[in-house]
Amino acid sequence: MDQTLSEFGNVFVFFLLGVVFVAGGYLTARMLRPSRPNPVKTSTYECGEEAVGSAWVKFNIRFYVVALIFIIFDVEVVFLFPWATVFRQLGSFALVEALVFAGILILGLVYAWVKGDLDWVRPTPSVPKMPEMPASKSTSQRD
Amino acid sequence: MFELPSGAEIQSIISILKSGLGFFIPEIYLSILFMGLIILDLALKGRNKSGILGWATLIGLGGSFYFIAQQHAMQAGEHFFGMYVLDEYAIFFKYFFVASGMFAVVATLADRKFDAEVKSIGEYYALVVAMVIGMVMMAAASDLLMIFLAMELVSLSAYILSGYFKRDARSSEAALKYLVYGAVSSGLMLYGFSLIYGMTAETNILKISMELADHGYDPLVMILATLLIMAGFGYKIGAFPFHFWSPDVYEGAPTPITAYLSVASKAAGFALLLRFFYIAVPHGVSPYEDILGIDWLTLLVIMSVASMIYGNVVAIWQKNVKRLLAYSSIAHAGYLLLGVIVMDEIGTQAVLFYLLSYFLMNYAAFYVVVLISNRTGSETLDDYRGLGSKMPLAGAALTVFLISLVGLPPTVGFIGKLMIFSALLSKGALYIWLALIGVLTSVISLYYYMLIPLNMFLRESLEPNEKSLNPGFLAQLMMAVLMILTIWFGLFFEPLSEFARYSSAMFGLSLY
Amino acid sequence: MLSLIVFLPVIAGLIILAVPSSQKQIIRIVSLLAAVVQMVLAVMIWRGYDPSLAGITAMAGGMPEGSFQFIERLPWISLDLGNMGSMNIEYFLGVDGLSITMVILTALVSTIGVLSSWTIKKQVKGYFLLYNLLATAMMGCFVALDFFLFYVFWELMLLPMYFLIGIWGGPNREYAAIKFFLYTLFGSVFMLLVMIGLYFSVIDPLTGNHTFSLVAMASQENYIKDAILGPDNAMWRYVAFIVLFIGFAIKVPMFPFHTWLPDAHVEAPTPISVILAGVLLKLGTYGMMRINFPLFPEVFQASMYVIGVFGAINIIYGAFCALAQQDLKKMVAYSSISHMGYVLLGLAAANSEGMTGALYQMFNHGTITAMLFLLVGVIYDRAHTRQIDKFGGLASYMPVYAGIVTVAWFASLGLPGLSGFISEAFVFVGAFSSETTRYIAMVSVLGIVFGAAYLLWSLQRMFLGKRKDDAAYDLVTGPDGQEQIHFHDWNGKLDLDGRELAMLIPLVVITIFLGIYPMPIMGLMTTTVNHLVEVLSPVMMAVVN
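As annotated in an unreviewed UniProt entry, chain C is NADH-quinone oxidoreductase subunit M from Chlorobium phaeovibrioides. Note on chain C: under the UniProt heading Sequence similarities (unreviewed entry), the record states "Belongs to the complex I subunit 4 family."

Chain A carries the name NADH-quinone oxidoreductase subunit A in an unreviewed UniProt entry, which gives Chlorobium phaeovibrioides as its organism. In its Sequence similarities (unreviewed entry) section, the UniProt entry covering chain A states "Belongs to the complex I subunit 3 family."

As structure tokens, this is what we get:
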């Protein structure tokens, strides 16, 4: 039987270490710390904010838009780093490739921008209109 | 630890990529079209915007035919490190998907509901193109990763498109359902992929097949893996136990998108299914006996039979035309699977031909549904009453398309069924029972398809109003052309079947 | 020639398409012209037909020329199926003794159907479009010698028929139309599978390819031995024969697949009833003679008795049902079932007399039933009811009508001197001389008795005697002191008018003439029928194997 670990063995060891690391942390903390709970300590930690009300509240959708755009460019950097390390060997073809890649992402940014998704406060809140008439009515008006 | 590749290695990688680009021109063109549409959308202002965008998409998609046609001259082969293949099979589907994208645009331009419901149409056309790109890549993907990426591109575009009527609750519901089911099934499919990868340590489907052939596999794991992968493919083709999304989505989505999903998305699923199962996990390649006595072919048989029976039987009780067609499309997935089960060139040819015929008749039927709903604002069977005398051409055309969907001569749908059953019977007595189920369920299908002409011609309108409804000259012409084509190809189907036969050449298949 | 006779109605249909729908008279006349020209062409084919050539199978060497006549053979579609060779579909038309009679019958009944369609008032354009499509499909079925072509024509009949019953039919038309459609399709989808199976089993001796040609299929030496429907696969050949038989039996209609027929007839408008009974039912038995029996002769040999029994059931069951009907049209419909039973019995006898009788009965039943339905239509047109007991004593007020009814009724019950007698007599002679069907024939003779019963009884109740209290008409005394008949909701027409006479007189003449001198029709079929009997005989099969 082969004694060396296979590639999957490595993964398994990594998995085990991860479990041991997390579980070990909790275990030593439990053994070392004194247990004196009070209401403030047991409350949920929320970046120093006071946890008030239910967690089921409506967030402004723009949080997501901004977060998505941030992530896109974040990930772009991840791709560009390895590219940069070997850029010298790659030559002009790779430069064009990277420009195309960045260009596509920039187009996305421009799109979001022109559509007004980057404006945080909209000067004129749009008043919700009445729902449109059924299709039959609108078509008969056209005729 | 990883080492930086040497300069020579990098150069070779670059040169492979560069040479691959030459075989990737239609896809690049479509991507540029996609971005161009977004830019056009941003740049254009004014009232005719949606019309201009639509026509631009139509012309742009049409232009890609030129680049696809160039590819016939190219050698079949793998590119981008085995990620992507170019063969006649892929080229067939490129034509197919671009044409279906064009048809979706045509139907959208005809659909008045968009004027009323949609404020910003730019993204819509761009997404239609994005879906075309995704489907084209599905048909050509030869690597598990590429398959997944392509499928997700299609799915994500489709989620947005099916929920495009934001203020219509049914449309939003459709999108959400589609998303949830889609997420689950692609998750399952990924799990199946990972099992395959675990067994073979390969992601390229050709290499997977060689690995499976050389080293064999554990049948239990294999059946589990194929079952899970089938969940992903089955969801795309809308076959029985993975069909749950389709009636709601088909009913709720904008009608052009319903047509688009029912034809193109299904075809993309079949493109993938055929290639994956023919190449990656060939039937009977295992040196071991199957301990369970079932393999993926058995799974396909079960799926096919269940789809035919379920789709055709449940459709009987539908009151909404789009929903009815949704169930019928489940049944058609079953018929198409029959062709896959045959597992040879005739089967592939039959599937490709059936897809072509389904393209024609299903799009055409949905097109008429769009025209009718423009005039009546409704898609329920009751509102089709008496339409035969008000829109005689639409009624006649729809009847022809439905007859074709049933599979009666002299329509193209009949030839499709003929090819499928011929493929089954060419195997001798082995699949006769499948053919029997096929023909019996198509008798059932006659009943519900005929409900539509029944309401249009045999019943009087609920509100006696003898005013005839004219769908416009262009629409009349379009319907007449489609009707003639449906019958013409039912009588002289040689070009289509030759095309299908020519396109059934799949790269890698000859290696067995 | 044959292409012209087949597609003439479609050409007329295209002309009609161009005529504005308000020009009803032009539409009618175009259709009538097409039908008359078709009739003329049929007569020309009849004159040019050489009754000494057999048909059914190809002559030695495999060429159908010489055995079939008026052949038109063009390659239609050639499909490459990879290692299965190529799929060859031909546009292959031709007539032999089986089809020539049916071509004449179809042309005749179509023409009469157009005349009878004059009373259609609703959506005339759509009606005649569908009618012409139906006429093409029927004629095509009878002359097609390629199974694929036959199947296309066969299925093409369904849709026009569905709409003709469904749009222009009676109150319960939706049900009747879809029932007709579903029943027939149920039968024909099996035919599709058998067709594909046969295709893979038969080789055209001339080209070496698989073929759909019915002529090649009729010769057992063209079958591949181990193919799915080849001689080695006896089990599948039985299955194929049975499902094919059911497919045709639904059309005949044979008990227990007959239930669509009364519904369809009762709801259909008169001309469509005429077409349905006059031509469409014949397609079932024609299909048996052309396809079902010669392609599977050994299975036919084994199942003659069963077919005979079903024939007898049809005869007696149909007669009993007819006896119980109050609706005159339903009675005629059930009488059709009974009379088609004679055809089945004749076929089961499998000798020259029986087969000739069956084929002749098909022709005669076509003309006689057409007459019966026309006559039912005439009275319905006037009285708006078909209930037999709503009439009484009509003979004295509508003497011409009563006279023709009497001829038709007597022809139907097989009175000597009228055409129905000859064919029934031949069927019984054949059935008695065959050992298989001798006892079945004895039972079937009862059918004639019951047939006489329901026909004579209805004749007596409607035309003889006096007006009943709840009759569909009143008697009024006219200005000249004569008693006159007055239907409820009456349009004023009493006895037959010119158009109705134009439809009925030719049929009456044919019925009487063919009852006295059957050779013009029977002479056409003798050689072919004898050859068919030979193909089906066990001796012949022994030679082949």
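After presenting the structure, the write-up continues.
Concerning the overall build of chain A
Broken down by element type, chain A carries 6 helices and 0 strands. Counting from the amino terminus, chain A carries its helices and strands in the arrangement α-α-α-α-α-α. Considering chain A as a whole, with its 143 residues, one finds that 1% of them fall into the buried category.

Some remarks on the overall build of chain C
Counting its secondary structure elements, chain C contains 20 helices and 4 strands. For chain C, the C-alpha radius of gyration of 23 Å lies close to 24 Å, the compact-globule estimate for 545 residues. When its C-alpha atoms are laid out on the principal axes, chain C stretches across 85 × 60 × 40 Å. For chain C, contacts bridging at least 24 residues in sequence account for 77% of all contacts bridging at least 6.

Considerations on the environment of Leu274 of chain B
Residue and element names in this part refer to chain B. By secondary structure assignment, the location of Leu274 is in helix H12 (residues 255-280). Along the primary structure Leu274 and Gly347 are separated by 73 residues, whereas in three dimensions their C-alpha atoms are 10.0 Å apart. Excluding its chain neighbours within four sequence positions, the residues that come into contact with Leu274 are Val340, Thr348 and Val351.

Focus: the arrangement of the chains
Contacts are most numerous between chains B and C, taken over all 2 pairs of chains that touch. Taking C-alpha atoms only, the smallest gap left between chain A and chain C, which are not in contact, amounts to 26 Å.

So, the interface of chain C and chain B
Chain C puts 32 residues into the contact, and the matching count from chain B is 27 residues. The set of elements that each furnish at least two residues to the side of chain C that touches chain B consists of strand E1 (69-80), helix H5 (147-156), helix H6 (158-168) and helix H7 (173-201) of chain C. No other element matches the 14 residues that H7 of chain C contributes to the side of chain C that touches chain B. Taken together, the residues of the side of chain C that touches chain B sort by class into 24 nonpolar, 4 polar and 4 charged.

Considering the confidence of the model for chain C
Residue-level pLDDT values for chain C average 85, and 95% of them are 70 or greater. The complex prediction reports pTM at 0.89, with the ipTM value standing at 0.89.

Regarding the packing of helix H17 (residues 392-406) of chain B against helix H19 (residues 432-458) of chain B
All names here are of chain B. Relative to each other, H17 and H19 sit at 175 degrees, their axes nearing to 9 Å. Classified by the angle between their axes, H17 and H19 sit roughly antiparallel to one another. Of the residues in H19, those touching H17 at Gly395, Leu398, Thr399, Leu402, Leu405 and Val406 are Ser442, Ser445, Leu446, Tyr449, Ile452, Pro453, Met456 and Phe457. Looking at the contact of H17 with H19, its residues break down into 10 nonpolar, 4 polar and no charged.

Observations regarding the nonpolar core
Residues and elements named next belong to chain B. Formed by 412 residues in total, the largest nonpolar core has its most connected members in Val129, Met138 and Val368. Counting residues per element, this core draws most heavily on helix H15 (residues 345-376), which supplies 22 residues. Inspection of this core shows a minimum of three residues originating in each of domain 1 (23-269 + 277-294) and domain 2 (313-512). Beyond its immediate sequence surroundings of up to four residues, Val368 is in contact with Ala394, Ala397, Leu398, Phe401 and Met479.

Section: the UniProt feature "domain: NADH:quinone oxidoreductase/Mrp antiporter transmembrane" (unreviewed entry) in chain C
As annotated by UniProt and renumbered to match this structure, "domain: NADH:quinone oxidoreductase/Mrp antiporter transmembrane" (unreviewed entry) occupies residues 144-448 of chain C. Structurally, residues 144-448 of chain C comprises 75% helix and 0% strand, and the distance from its first C-alpha atom to its last is 35 Å.

Some details on helix H19 (residues 519-536) of chain C
In this model H19 of chain C runs 24 Å from its N-terminal to its C-terminal C-alpha over 18 residues, within 8% of the 26 Å that 1.5 Å per residue would give. At Thr526 of chain C, H19 of chain C shows its maximal bend, which comes to roughly 40 degrees.

Observations regarding the environment of Ser21 of chain C
All names here are of chain C. Along the chain, Ser21 turns up in the loop between helix H1 (2-18) and helix H2 (24-48). When the 13 C-beta atoms within 10 Å are taken as the criterion, Ser21 is described as partly exposed. Taking the C-alpha atoms as reference points, Ser21 and Gly126, separated by 105 residues in sequence, lie 8.4 Å from one another.

Some words on helix H9 (residues 205-215) of chain B
Residues and elements named next belong to chain B. Inspection of H9 places Ile205, Ile208, Ser209 and Leu212 among the buried residues, and these make up the whole buried set. Down the axis of H9, the sector holding all buried residues measures 100 degrees, keeping them to one side. Residues of H9 that are exposed and angled more than 90 degrees away from the buried face: Asp214 and His215. In this structure, the buried residues of H9 make contact with helix H8 (169-200) and H12.

Quick look at the UniProt feature "transmembrane region" (unreviewed entry) in chain A
Residue and element names in this part refer to chain A. Summarizing the sequence annotation, UniProt attributes the feature "transmembrane region" (unreviewed entry) to residues 12-29, 63-84 and 90-114 in the numbering used throughout. Helix makes up 100% of residues 12-29 and strand 0%, and the two end C-alpha atoms of the span are 26 Å apart. What you have in residues 90-114 is 96% helix and 0% strand, and the ends, taken at the C-alpha atoms, are 35 Å apart.

Observations concerning the environment of Gly77 of chain B
All names here are of chain B. Tracing the chain through its elements places Gly77 in strand E1 (residues 77-79). On the basis of neighbour count, Gly77 is assigned to the partly exposed category, with 13 C-beta atoms found within 10 Å. C-alpha separation for the pair Gly77 and Phe507, spaced 430 residues apart in sequence, amounts to 6.5 Å. Aside from chain neighbours lying at most four places away, what touches Gly77 is Val85, Leu86 and Phe507.

Comments concerning the packing of H7 of chain C against helix H9 (residues 234-251) of chain C
Residues and elements named next belong to chain C. At a closest axis distance of 8 Å, the pairing of H7 and H9 adopts a crossing angle of 145 degrees. For the crossing formed where H7 meets H9, the hand is left-handed. Every residue of H9 that contacts H7 at Tyr183, Thr184, Phe186, Gly187, Ser188, Phe190, Met191, Val194 and Gly197 is listed here: Ala240, Val243, Leu244, Ile246, Gly247, Ile250 and Lys251. Partitioned by chemical class, the residues of the contact of H7 with H9 number 10 nonpolar, 5 polar and 1 charged.

Considering the confidence of the model for chain A
Residues and elements named next belong to chain A. When pLDDT is averaged along chain A, the result is 77, and 80% of the positions lie at 70 or above. No element of chain A has a lower mean pLDDT than helix H6 (residues 135-142), at 42, and none a higher one than helix H1 (residues 7-32), at 90. Counted against residues more than four places away or in other chains, residues 135-143, with its pLDDT under 50, gives 14 contacts.

Some points on unusual backbone geometry
Excluding glycine, most residues fall at negative phi; most peptide bonds, likewise, are trans. Look at the link from Pro409 of chain B to Pro410 of chain B: it is a cis peptide, with omega at 0 degrees. Topologically, Pro410 of chain B is positioned in the loop between H17 and helix H18 (412-425). The omega angle of the peptide bond from Phe255 of chain C to Pro256 of chain C is 5 degrees, so this bond is cis rather than trans. As for its position among the elements, Pro256 of chain C is in the loop between H9 and helix H10 (260-267). Of note in this structure, Phe81 of chain B is not a glycine but carries a positive phi near 60 degrees. Looking at the secondary structure, you find Phe81 of chain B in the loop between E1 and strand E2 (84-86). Phi at Gln123 of chain C takes a positive value of approximately 45 degrees, unusual for a residue other than glycine. Among the structural elements, Gln123 of chain C can be located in the loop between helix H3 (97-116) and helix H4 (124-143). Overall, the presence of 18 C-beta atoms within 10 Å leaves Gln123 of chain C in the partly exposed class.

Thresholds applied
- Residues numbered from 1 in each chain as written.
- Chains lettered and ligands numbered in written order.
- Predicted model: local features only at pLDDT ≥ 70, side-chain atom pairs only at ≥ 80, totals over all residues.
- UniProt positions renumbered as here; feature names shortened; annotations may be inferred.
- Helix = DSSP H or I, 4+ residues; strand = E, 2+ residues; numbered from the N terminus.
- Buried ≥ 20, exposed ≤ 12 C-beta atoms within 10 Å, placed from the backbone.
- Rg over C-alpha atoms; globule rule 2.2 N^0.38 Å.
- Contact = placed C-beta atoms within 7 Å.
- Nonpolar A, V, L, I, M, F, W, Y, C, P; charged D, E, K, R; others polar.
- pLDDT = per-residue confidence, 0-100.
- Axes fitted to C-alpha atoms, helices over the stretch in contact; angles between N-to-C directions.
- Parallel < 35°, antiparallel > 145°, perpendicular 65-115°, else oblique.
- Core = buried A, V, L, I, M, F, W, Y, C linked by C-beta atoms within 7 Å.
- Domains from an automatic or database assignment.
- Expected span 1.5 Å × (residues − 1).
- Bend = angle between axes of the 7 residues up to and from the residue.
- Arc of directions from axis to C-beta.
- Left-handed = near helix turned anticlockwise from the far one by under 90°.

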